[in-house]
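Breakdown of the fold
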Amino acid sequence: MKRESGILLPVSSLPSRYGIGCFSREAYEFVDWLKETGQSYWQILPLGPTSYGDSPYQSFSTFAGNPYFISLEELVEEGVLAKEECEAADFGNKEDSIDYAKIYRARFPLLRKAYERSGVSEDPEFLRFREENGWWLEDYALYMAVKARFDQKAWTEWAQDIRLRWDNAMDYYRRELYFDIEFHQYLQFKFFQQWTKLKAYANSKGIRIIGDIPIYVAMDSADAWANPQLFQLDGENKPTAVAGCPPDGFSAIGQLWGNPLYNWEYHKNTGYGWWISRLAHCYRLYDVVRIDHFRGFDEYYSIPADADTAVGGHWEKGPGLPFFQAVTAALGEKEIIAEDLGYVTDSVRQLVRDTGYPGMKVLEFAFDSRDSGSASDYLPHNYPENCVVYTGTHDNETIAGWFKSIKPEERTLAREYLCDFSTPEKRLYLSFISLAMRSQARMCVIPMQDFMGLSNKCRMNTPSTVGKNWKWRLVPGQLTGELTEEIAGVTRRYGRWNWD
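Residues numbered from 1 in each chain as written. Predicted model: local features only at pLDDT ≥ 70, side-chain atom pairs only at ≥ 80, totals over all residues. Heavy atoms only, no water.

In the annotation of an unreviewed UniProt entry, the protein chain is listed under the name 4-alpha-glucanotransferase and assigned to Candidatus Lachnoclostridium stercoripullorum. Among the UniProt annotations of the protein chain, the heading Catalytic activity (unreviewed entry) holds the following wording: "Transfers a segment of a (1->4)-alpha-D-glucan to a new position in an acceptor, which may be glucose or a (1->4)-alpha-D-glucan." (UniProt positions renumbered as here; feature names shortened; annotations may be inferred.)

The next thing to look at is the layout of surface pockets. Put simply, the second largest pocket is a space of about 550 Å³. Lining of the second largest pocket is provided by 23 residues; of these, Phe-60, Tyr-68, Tyr-104, Phe-108 and Gln-152 occupy positions nearest its centre. Looking at the lining of the second largest pocket, the elements that each hand over two or more residues are helix H4 (100-118), helix H6 (134-149) and helix H9 (178-204). Examining the composition of the lining of the second largest pocket, we find that six residues originate from one element, H4, more than from any other. Looking at the lining of the second largest pocket residue by residue, the class counts come to 15 nonpolar, five polar and three charged. (1 Å grid on protein atoms, 1.4 Å probe; cavity = no way out; pocket = protein on both sides within 12 Å on 5 of 7 lines; lining within 4 Å. Points joined across faces, edges and corners; volume = space filled by probe spheres on them. Helix = DSSP H or I, 4+ residues; strand = E, 2+ residues; numbered from the N terminus. Nonpolar A, V, L, I, M, F, W, Y, C, P; charged D, E, K, R; others polar.)

Strands belonging to one sheet form pairs held by backbone hydrogen bonds; the direction of such a pair is parallel or antiparallel. Sheet architecture is open: eight strands sit in the order S9-S6-S3-S2-S1-S12-S11-S10, paired in parallel fashion. On the outer flanks of this sheet lie strand S9 (336-338) and strand S10 (359-362), each paired with one strand and no other. On average, adjacent strands in this sheet sit at an angle of 25° to one another, irrespective of strand direction. In the packing of helix H18 (residues 428-437) onto the sheet, contacts are made with strand S1 (4-8), strand S11 (387-390) and strand S12 (443-447), and the angle to S12 comes to roughly 160°. (Pairing = 2+ DSSP bridges. Axes fitted to C-alpha atoms, helices over the stretch in contact; angles between N-to-C directions. Contact = heavy atoms within 4.5 Å.)

Now for the pairing of S1. Here S1 lies mainly inside the structure; five of its five residues are buried. Burial of S1 is two-sided: the residues Glu-4, Gly-6 and Leu-8 facing one way and the residues Ser-5 and Ile-7 facing the other way are all buried. In this view, the connection linking S1 to its parallel neighbour strand S2 (residues 41-43) by way of helix H1 (residues 25-36) has right-handed handedness. (Buried < 20%, exposed > 50% of the residue type's maximum accessible area, 1.4 Å probe, protein only. Right-handed = clockwise from strand over helix to strand, strands pointing away.)

Okay, the pattern of salt bridges next. Scanning the model with the defined rule gives 29 salt bridges in all. Linking Asp-171 and Arg-174 is a salt bridge whose minimum nitrogen-to-oxygen distance equals 3.6 Å. Here Arg-174 and Asp-171 lie together in helix H8 (residues 167-176), a separation of three residues that amounts to about one turn. When the shortest N-O distance is used, the salt bridge between Arg-415 and Asp-420 registers 3.9 Å. Taking the relative accessible area as the measure of exposure, Asp-420 reaches 11% and is therefore buried. Shared partners join several salt bridges into a network, and the residues in it are Lys-2, Glu-4, Arg-442 and Asp-500. (Salt bridge = Lys/Arg side-chain N within 4 Å of Asp/Glu carboxyl O.)

Time to look at the packing of aromatic side chains. With the rule as written, the count across this model stands at 60 aromatic pairs. The ring of Trp-315 has Arg-295 sitting right over it, with the charged end atom 4.0 Å from the ring centre. Positioned above the aromatic ring of Trp-497 is the side chain of Arg-492, whose terminal nitrogen or guanidinium carbon lies 4.2 Å from the ring centre. (Phe/Tyr/Trp six-rings, centres within 6.5 Å; stacked < 30°, edge-to-face > 60°. Lys NZ or Arg CZ within 6 Å of the ring centre and 35° of its normal.)

So this is what it looks like as structure tokens:
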């Protein structure tokens with residue numbers, strides 16, 4: 001089995017000009033850099049349009065792309081924006097951090113100007129895109145236009161006629177908001193046009209894209225509004241139960257995510273058609289798909305919709321192996337990474353084995369004194385070949401920040417395992433990366449912050465917090481020659497070099 005490696009870096013974290021990473025020249029330069037360091041994969045976070053809190057795991061659509069990622073430079077080259085207009089906009093003044101409030105206020109007016117100047121309604125490519133993607137695009141564009149009409153309120157707070165999609169209301173808003181609807185269709189056209197071009201470039205360089213999809217959709221999404229039958233909703237399309245995680249050693253009240261739960265009986269009776277369409281769409285965007293919260297397909301945690309915490313929830317049986325068998329029958333053999341972290345039971349482990357998908361190993365979990373039994377699963381000498389090892393994920397501390405934060409006895413345990421008591425702490429992150437890279441795991445993915453030895457100030461996300469996450473960005477010039485040689489060296493040393 002071929003040994004490979006990759007780097008985890010969200011598109012938003014690229015060092016492009018106008019406030020947030022996007023599909024600009026810097027994205028292509030990053031692909032070239034991945035090739036130069038011998039990588040095989042670029043792992044990203046979900047590409048969907050983000051809602052309040054800016055989390056890519058709470059999106060307005062599981063099918064749509066984030067308009068923030070559209071390259072404004074490319075629109076300037078097309079002649080639908082002027083460079084001076086982009087330069088005059090206020091996107092924030094920090095190169096290493098995203099100011100989402102300013103991005104929101106500055107980007108959409110520019111994108112609206114681009115749409116109004118584009119003449120897109122007469123563009124054959126746009127018309128073809130709209131026809132080919134109408135099965136999700138029509139509902140999404142209408143949803144976004146109506147949402148703006150209702151001052152960005154969640155669809156559950158809209159007027160009853162459009163909230164419940166009565167025919168007369170649907171017809172009214174389609175007429176009333178025609179140009180707003182077309183604007184959102186235009187944004188998706190440009191997003192997919194630019195992303196398809198970037199992905200093709202990456203593939204031409206031997207770099208494959210690992211995409212990431214949440215198992216659940218947001219309640220405030222076009223998916224839930226347009227397809228209430230897919231979810232556990234009542235006659236007024238309000239959730240009867242929502243998703244989350246039970247209390248554990250990390251949280252006495254558990255985690256209340258609030259996503260609507262699937263009506264798995266309906267999905268089963270329809271041959272899992274919606275899910276198959278969702279995954280087929282993913283494989284037009286990515287080469288490999290990482291499914292977040294994989295254990296929810298075995299059992300999912302159900303919390304009463306009116307609960308304030310996750311304490312009163314209970315486990316329900318998920319669709320299990322027949323779901324994945326239906327996916328394979330429809331789509332063929334596809335590459336999936338099963339995010340099997342957290343509270344993992346024997347039945348979850350069996351489901352991962354039965355599917356044949358590689359599970360995940362996170363090195364930071366290996367030295368947790370609170371759960372020594374589970375921690376042993378994450379010690380590299382116990383890894384199966386068919387897995388993907390990470391130093392940490394987007395939800396974890398950076399490896400440098402983690403080592404500072406753990407207990408003294410855990411630091412001692414980690415150094416004993418490394419057989420390394422002499423490396424200065426500020427350079428110890430390289431020892432952990434080497435430990436992951438030399439494991440027998442077929443694939444090794446390292447977050448960009450860990451390769452750079454950055455502190456927790458550069459952490460991507462702290463679960464159960466809002467307002468400080470998803471902001472970190474690379475600064476131009478940080479991918480130095482020394483860093484490039486260091487990454488290339490460790491990749492070659494442990495037999496993970498991409499020779500394609």
